[in-house]
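Coordinate analysis (summary)
Each chain, written out:
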Amino acid sequence: MTLRVPKAELGPEITEVLIEQFGTVPEPLQATWHNPKVAEAGQEMGARVNAWDVADENLKSFAHMAVAALVGCSWCLDVNYFQAQNKKLDLTKASQVPRWRESDVFTPLERDVMEYAEAMSATPPTVTDELSARLLDRLGAAALIEITASIAFANFATRNNTALGVRSQGFSDACEIPLAARPQQPAS
C-alpha cells in the first residue's frame with residue numbers, strides 16, 4: 001500500500017527538526033501537512049498525551065501498540081516500539097504486544113490494559129464493567145482516566161494513518177529485539 005495522498009512539502013526548518021528527532025520525516029506528518037492546522041493539532045495533542053505522567057509509561061505504550069496491532073497501523077507499531085527503546089521501557093514485553101494473548105511475558109495488569117485498549121477500539125466498544133472495575137482497583141481513577149484518554153488518542157492516530165495509507169518506516173529496525181508479528185486469525 002502506498003500513501004493515498006501525495007506527500008506534502010514541509011518547510012526546511014521543520015524538516016531539519018524532524019530529521020534530528022527521528023532520522024527522517026514521519027510519513028503521517030507528510031500526509032497531513034496538506035492541512036497544516038490539522039497536522040499541527042495532531043502533533044500538539046500527541047505531545048500533550050506523551051507529557052501525561054500519572055499512569056505507568058509501559059502500560060500506556062503497550063496500550064497504544066495493542067490498538068495499533070488491532071487496527072493494523074504498522075507505522076504506529078513501528079514508531080512506538082522504537083520510542084519504547086528510547087524511553088528505556090521493557091523491550092522484551094513491547095516486542096510481544098502484537099501477540100500479547102499468546103505470550104507469557106505479561107502480568108495480569110498489563111493483559112487487562114491491552115484487553116481494555118482492544119475493547120475501547122472495537123466498534124461498538126466492548127468494555128465491560130468487570131474489566132473497568134479491575135483496572136480502577138489496581139490503577140486508581142487518575143491513571144485509568146489517563147490510560148483511557150491515551151487509548152482514545154491511539155485510535156485517532158492509528159485510524160488516521162491507516163486510512164491515509166501510512167506504513168512502517170523501519171524505525172524499529174534499530175531495536176535490539178525484533179517486533180513480533182500479530183498472529184494470523186483463522187479464516188471464517
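Description of the structure in this document. As the structure is a prediction and not an experimental result, all values here were calculated from the model.

With that settled, the discussion passes to the overall build of the protein. Across its full length, the protein holds nine helices and zero strands. Taken over the C-alpha trace, the protein has a radius of gyration of 17 Å; the compact-globule value for 188 residues is 16 Å, and the two agree within 12%. Seen along its three principal axes, the alpha-carbon backbone of the protein occupies a region of about 50 × 35 × 35 Å. Residue burial in the protein is summarised as follows: out of 188 residues, 45% are buried. For the protein, the share of sequence-separated contacts (at least 6 apart) that also reach a separation of at least 24 residues comes to 69%. Within the structure as shown, the protein displays about 10,100 Å² of accessible surface, and the carbon and sulfur contribution to it stands at 54%. Each charge class in the protein was averaged separately, 16 positive and 24 negative side chains, and the resulting centres sit 5 Å apart.

This structure, assessed with the given rule, holds 10 salt bridges. A salt bridge links Arg101 to Glu118; the shortest N-O distance between them is 2.5 Å. Of this pair, Arg101 sits in the loop between helix H6 (91–96) and helix H7 (108–121) while Glu118 is found in helix H7, placing the two residues 17 residues apart along the sequence. The exposure class of Arg101 is partly exposed, given its relative accessible area of 48%. Residue Glu118 is classed as buried on the basis of its relative accessible area, which comes to 11%. If you follow the salt bridges from partner to partner, you end up with Glu57, Lys60, Lys87 and Glu146 in one network.

Packed helix pairs are characterised by how far apart their axes lie and by the angle those axes make with each other. In contact at an axis separation of 10 Å, H7 and helix H9 (residues 141–164) are set at 50° when each is read in the N-to-C sense. What the angle tells us is that H7 and H9 run oblique. In terms of crossing hand, the pair formed by H7 and H9 is right-handed. Here Val113, Tyr116, Ala117, Met120 and Ser121 of H7 lie close against H9, whose contacting residues are Leu144, Ile147, Thr148, Ile151, Ala152, Asn155 and Arg159. Here the contact of H7 with H9 is built from residues that sort into eight nonpolar, three polar and one charged.

Helix length check: helix H3 (residues 36–51) (16 residues) gives 22 Å between terminal C-alpha atoms against 22 Å at 1.5 Å per residue, within 8%. For H3, the set of buried residues is Ala39, Gly42, Gly46 and Val49. Take H3 and look down its axis: the buried residues cluster within an arc of 95°, on one side only. Structural note: H3 exposes Lys37 and Ala51 on the side pointing more than 90 degrees away from its buried face.

Taken N-terminus to C-terminus, the directions of helix H8 (residues 129–139) and H9 make an angle of 125°; their axes are 7 Å apart at the nearest point. As judged from the angle between their axes, H8 and H9 are oblique. Between H8 and H9 lies a crossing whose hand is right-handed. Counted together, Ser132, Leu135, Leu136 and Leu139 of H8 and Ala141, Ala143, Leu144 and Ile147 of H9 form the full contact between these two elements. Taken together, the residues of the contact of H8 with H9 sort by class into seven nonpolar, one polar and no charged.

The next point concerns the nonpolar core. Buried together is how nonpolar side chains tend to be arranged in soluble globular proteins. Trp75, Val97, Met114, Tyr116, Ile147 and Ile151 are the most contacted members of the largest nonpolar core, which totals 52 residues. Examining the composition of this core, we find that nine residues originate from one element, helix H4 (residues 57–71), more than from any other. Each residue touching Tyr116, except ones within four places of it in the same chain, is listed here: Val127, Leu131, Ser132, Leu135, Leu144, Ile147, Thr148 and Ile151.

What follows deals with the environment of Ile14. Tracing the sequence through the fold places Ile14 in helix H1 (residues 12–22). By relative accessible area, Ile14 is classed as partly exposed at 26%. A C-alpha to C-alpha distance of 45 Å links Ile14 and Asp129, two positions 115 residues apart in sequence. Setting aside its immediate chain neighbours within four residues, Ile14 contacts Leu29 and Trp33.

Rules used in this analysis
Residues numbered from 1 in each chain as written. Predicted model: local features only at pLDDT ≥ 70, side-chain atom pairs only at ≥ 80, totals over all residues. Heavy atoms only, no water. Helix = DSSP H or I, 4+ residues; strand = E, 2+ residues; numbered from the N terminus. Rg over C-alpha atoms; globule rule 2.2 N^0.38 Å. Buried < 20%, exposed > 50% of the residue type's maximum accessible area, 1.4 Å probe, protein only. Contact = heavy atoms within 4.5 Å. Areas by Shrake-Rupley, 256 points an atom, 1.4 Å probe, with all protein chains shown as cover. Lys, Arg positive; Asp, Glu negative; His and termini not counted. Charge placed at Lys NZ, Arg CZ, Asp CG, Glu CD. Salt bridge = Lys/Arg side-chain N within 4 Å of Asp/Glu carboxyl O. Axes fitted to C-alpha atoms, helices over the stretch in contact; angles between N-to-C directions. Parallel < 35°, antiparallel > 145°, perpendicular 65-115°, else oblique. Left-handed = near helix turned anticlockwise from the far one by under 90°. Nonpolar A, V, L, I, M, F, W, Y, C, P; charged D, E, K, R; others polar. Expected span 1.5 Å × (residues − 1). Arc of directions from axis to C-beta. Core = buried A, V, L, I, M, F, W, Y, C linked by side-chain atoms within 4.5 Å.

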